[in-house]
Structure formats: C-alpha cells, structure tokens
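Residue-level structural notes
Residue strings, one per chain:
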Amino acid sequence: MVNMTRPKNNTGVFAHLPIPMRMRYVKRIAEKYGIDLKDVKVVIDRDPYNLNMGYTRLANPDKIGEIILEPNAFISEEELARTLFHEKIHIEQYKKHGSIYVQNNHTHFEFEATVAESERFGER
C-alpha cells in the first residue's frame, strides 16, 4: 500500500530546518505577514549544496516574477517572511526598471530592498 499522506516535516539533510520546505507553508506565512504572492511564482530549491552557501533567496532576473527560495530561507518563520517580502521588492524593481539595469546597479537596488525590509520587519 502506498502512503498518500503529505510530509509535514523536512527530512534528510533538511531535517534541522524548522519550517517545512513545502509550498503550503510558504503560502501560509505569506498570508500571515500580508505578503501578496499573486502573479509570483515561488520555486523551492532543494539542492543540499545550497545549505552551505548561506543564501536564502533569489528573485530570478531571467524569469521576472519568479522567486527561488533556498533552503536557508526556512530557518524561521520570520526569515521566510522577510525573504518573500525582500524578493518581491526585487521583482517590482525588475518590472519597473528592467532586470539588466537593476543588476548593473545592484548595490543601489539591494540597499533599497533592505531598507524596505527593515522598515517592515525591524533591524536584524
């Protein structure tokens, strides 16, 4: 008999991450923190190598409207919410200015997103 229940916890190399790496949890946290993911495609990166990279996210400049969540985004509810909010700002920047311009002026736009994140969630 095949087990048809959905996993509730992370397993294997991701077992230490307290927030399950599942889309339903991403949606719940976005809703809880008032982050609108309409027209945003969220991809969960389950590459174990990326646990060591320290990154939590990427707003995909090649696919405007897509956020790639790295495993470290799931270290806490707040980290996941901050990550979604921050990367959504980059999506808006890409839409307004174009991804090439934003990437060429990365420092400015990263600062802008970080300030907005700090205003919304407080300083780290």
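Our structure's up above, just so we're on the same page.
The structure reproduced in this document is the subject of the present report. (Residues numbered from 1 in each chain as written. Predicted model: local features only at pLDDT ≥ 70, side-chain atom pairs only at ≥ 80, totals over all residues. Heavy atoms only, no water.)

Quick notes on the overall build of the protein chain
Along the backbone of the protein chain there are four helices and three strands. When the helices and strands of the protein chain are listed from N to C terminus, the series reads α-β-β-β-α-α-α. Computed over C-alpha atoms, the radius of gyration of the protein chain comes to 15 Å, within 12% of the 14 Å expected from 2.2 N^0.38 for 124 residues, which places it in the range of a compact globule. Split into buried and exposed, the 124 residues of the protein chain put 45% on the buried side. Partitioning the intrachain contacts of the protein chain with sequence separation of at least 6 by distance along the chain shows that 61% fall at a separation of at least 24. Split by element, the accessible area of the protein chain, about 7,800 Å² in all, is 53% carbon and sulfur. (Helix = DSSP H or I, 4+ residues; strand = E, 2+ residues; numbered from the N terminus. Rg over C-alpha atoms; globule rule 2.2 N^0.38 Å. Buried < 20%, exposed > 50% of the residue type's maximum accessible area, 1.4 Å probe, protein only. Contact = heavy atoms within 4.5 Å. Areas by Shrake-Rupley, 256 points an atom, 1.4 Å probe, with all protein chains shown as cover.)

Remarks on the packing of aromatic side chains
Under the definition given, this model contains three aromatic pairs. Ring centres of Y101 and F109 lie 5.9 Å apart, and the angle between their planes is 75°; this geometry places the pair in the edge-to-face category. When the ring centre of Y25 is taken as reference, the NZ or CZ atom of R28 above it lies at 4.8 Å. (Phe/Tyr/Trp six-rings, centres within 6.5 Å; stacked < 30°, edge-to-face > 60°. Lys NZ or Arg CZ within 6 Å of the ring centre and 35° of its normal.)

Considering the sheet that holds strand β3 (residues 66–69)
With respect to topology, three strands assemble into an open sheet ordered β1-β3-β2, the strand pairing being mixed. Two strands in the sheet have a free side with no partner beyond their single neighbour: β1 (41–44) and β2 (57–59). When strand polarity is set aside, the average angle formed by the axes of neighbouring strands in this sheet is 15°. Pairing between β2 and β3: three bridges, direction antiparallel. Across the sheet, the residue bridging to L58 is I68, located in β3. (Pairing = 2+ DSSP bridges. Axes fitted to C-alpha atoms, helices over the stretch in contact; angles between N-to-C directions.)

Don't take any of this as a statement about function, it's just geometry.
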